Amino acid sequence: MAEEKKAQSSGVWPKVKPFVNGGASGMLATCVIQPIDMIKVRIQLGQGSAGTVTRNMLKEEGVRAFYKGLSAGLLRQATYTTARLGSFKMLTNKAIEANDGKPLPLYQKALCGLTAGAIGACVGSPADLALIRMQADATLPAAQRRNYSNAFHALYRIVSDEGVLALWKGAGPTVVRAMALNMGMLASYDQSVEFFKDNLGLGEAATVVGASTISGFFAAACSLPFDYVKTQIQKMQPDSSGKYPYTGSLDCAMKTLKAGGPFKFYTGFPVYCVRIAPHVMMTWIFLNQIQKAEKKVGL
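A quick note: this is a predicted structure, and the numbers were derived from the prediction, not measured.

Asks: How do you make sense of the UniProt feature "repeat: Solcar" (unreviewed entry) in the protein when you look at a structure like this?
Replies: Per the UniProt record, the feature "repeat: Solcar" (unreviewed entry) sits at residues 17-94, 104-195 and 203-293. Secondary structure within residues 17-94 divides into 82% helix and 0% strand; the distance between the first and last C-alpha atoms comes to 16 Å. Taken as a whole, residues 203-293 contains 76% helix and 0% strand, while its terminal C-alpha atoms sit 20 Å from one another.

Asks: Please explain the pattern of salt bridges as it appears in this structure.
Replies: If the charged atoms of two oppositely charged side chains come close together, the side chains can form a pair. Scanning all chains against the criterion turns up seven salt bridges. The salt bridge involving D161 is made with R157; its shortest N-O contact spans 3.1 Å. One end of the pair, D161, and the other, R157, are both in helix α6 (residues 151-162), four residues apart, so they sit about a helical turn from each other. For D161, a relative accessible area of 52% puts it in the exposed group. Between D227 and R177 there is a salt bridge, with its nearest N and O atoms 2.8 Å apart. Separated by 50 residues along the polypeptide, D227 in helix α8 (residues 204-235) and R177 in helix α7 (residues 171-199) bring together distant segments of the chain.

Asks: How should empty space enclosed by the protein be read in this particular structure?
Replies: A probe as big as a water molecule, rolled over the atoms, marks out the empty space that is left. All told, the structure shown has two cavities of 30 Å³ or more when counted by the stated rule. In terms of lining residues, the largest cavity is bounded by 20 residues, among which R76, R177, L181, R275 and I276 are the most central. Contributions of two or more residues to the lining of the largest cavity are made by α2 (13-44), α4 (70-98), α5 (106-136), α7, α8 and α10 (269-296). Residue composition of the lining of the largest cavity, grouped by class: eight nonpolar, three polar and nine charged. What the second largest cavity holds in volume is close to 60 Å³. What lines the second largest cavity is simply T30, I33, Q34, D37, G73, R76, Q77, L131, R275 and H279. Secondary-structure elements contributing two or more residues to the lining of the second largest cavity are α2, α4 and α10. Top contributing element to the lining of the second largest cavity by residue count: α2, with four residues. Looking at the lining of the second largest cavity, its residues break down into two nonpolar, five polar and three charged.

Asks: Help me understand the packing of aromatic side chains, please; the structure alone is not making it clear to me.
Replies: For any pair of aromatic rings, the description rests on two quantities: the centre-to-centre distance and the angle between the ring planes. A complete count under the given rule lists five aromatic pairs for this structure. Ring centres of F195 and F196 lie 5.7 Å apart, and the angle between their planes is 65 degrees; on these two criteria the pair is classed as edge-to-face. Each ring, one from Y266 and one from F269, has its centre 5.8 Å from the other, and the planes form 70 degrees; the classification is edge-to-face. Overall, the relative accessible area of 33% leaves Y266 in the partly exposed class. These aromatic residues form a ring-pair network of at least three members: F217, F218, Y266 and F269.

Asks: What is the right way to look at helix α9 (residues 249-260) in this model?
Replies: Because the α-helix completes a turn every 3.6 residues, residues three or four places apart line up on one side. Relative to the 16 Å expected for 12 residues at 1.5 Å per residue, α9 spans 16 Å between its end C-alpha atoms, a close match to the ideal helical length. The set of residues buried in α9 consists of D251, C252, A253 and T256. Of the surrounding secondary structure, the elements contacted by the buried residues of α9 are α8. Trailing α9 by a residue or two, G261 shows a phi angle of about 80 degrees, which is positive.

Procedures and definitions
- Residues numbered from 1 in each chain as written.
- Predicted model: local features only at pLDDT ≥ 70, side-chain atom pairs only at ≥ 80, totals over all residues.
- Heavy atoms only, no water.
- UniProt positions renumbered as here; feature names shortened; annotations may be inferred.
- Helix = DSSP H or I, 4+ residues; strand = E, 2+ residues; numbered from the N terminus.
- Salt bridge = Lys/Arg side-chain N within 4 Å of Asp/Glu carboxyl O.
- Buried < 20%, exposed > 50% of the residue type's maximum accessible area, 1.4 Å probe, protein only.
- 1 Å grid on protein atoms, 1.4 Å probe; cavity = no way out; pocket = protein on both sides within 12 Å on 5 of 7 lines; lining within 4 Å.
- Points joined across faces, edges and corners; volume = space filled by probe spheres on them.
- Nonpolar A, V, L, I, M, F, W, Y, C, P; charged D, E, K, R; others polar.
- Phe/Tyr/Trp six-rings, centres within 6.5 Å; stacked < 30°, edge-to-face > 60°.
- Expected span 1.5 Å × (residues − 1).
- Contact = heavy atoms within 4.5 Å.

Below, the structure written as structure tokens:
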């Protein structure tokens, strides 16, 4: 029995398992959340309220418009979520080993979340750029539309037209946003799980739903200002003289603050929160179900 456990803990699969599970759960969640994410981007681009955006999209573009950029969204999860959840699991395991097997305090979990978020964002930034551009394309004048057919076509066009480094355009705010999101999501989730399970005595399903909803709210509150700046940077185009509206993330943040005040960064917060919370919840639920299925087949 000991030899069997040792064999199961060695090899390639145990090392890649957290990454595979994280990416798969994130991709499944994205398939459900994509329409809400599409509406969120349109709101941030100034097309009106959630109701107005939804009605206009249905009337002018049809149901398929809500899944515009789905290939980029799945590619983003296959890179970003694979890297962040996999690295978070590895970092926490290493930290637990260094802590002699004792549970980690909240600040250590937060640090692991910050680091995992930065790693995931660096890996997933090209796919995130493709996703934002594909979602925003229909809002541009016909002459300015990029007309990417899918995520890989978008990446190819970006490299050929703008160079390889353009794939990481807006990577600065993307990394900061991911760090803020993961700190808010992971720290509040773990704390909420302990509260619901230990203090209230709730079952597994109620604990996951309650804790993921709370973590989704804090993830949204921490990350939306960075997400707003990131979206503005990634979708900007030069004017007739070749000048961009913003010179960088800080310039965008300062101009936004001056023009609309601090609450401008929270444009579309209700929709963003609705988009983040279910995605967090379903990612954890899908991850839990995947792990259960793997145990049944002995993986």
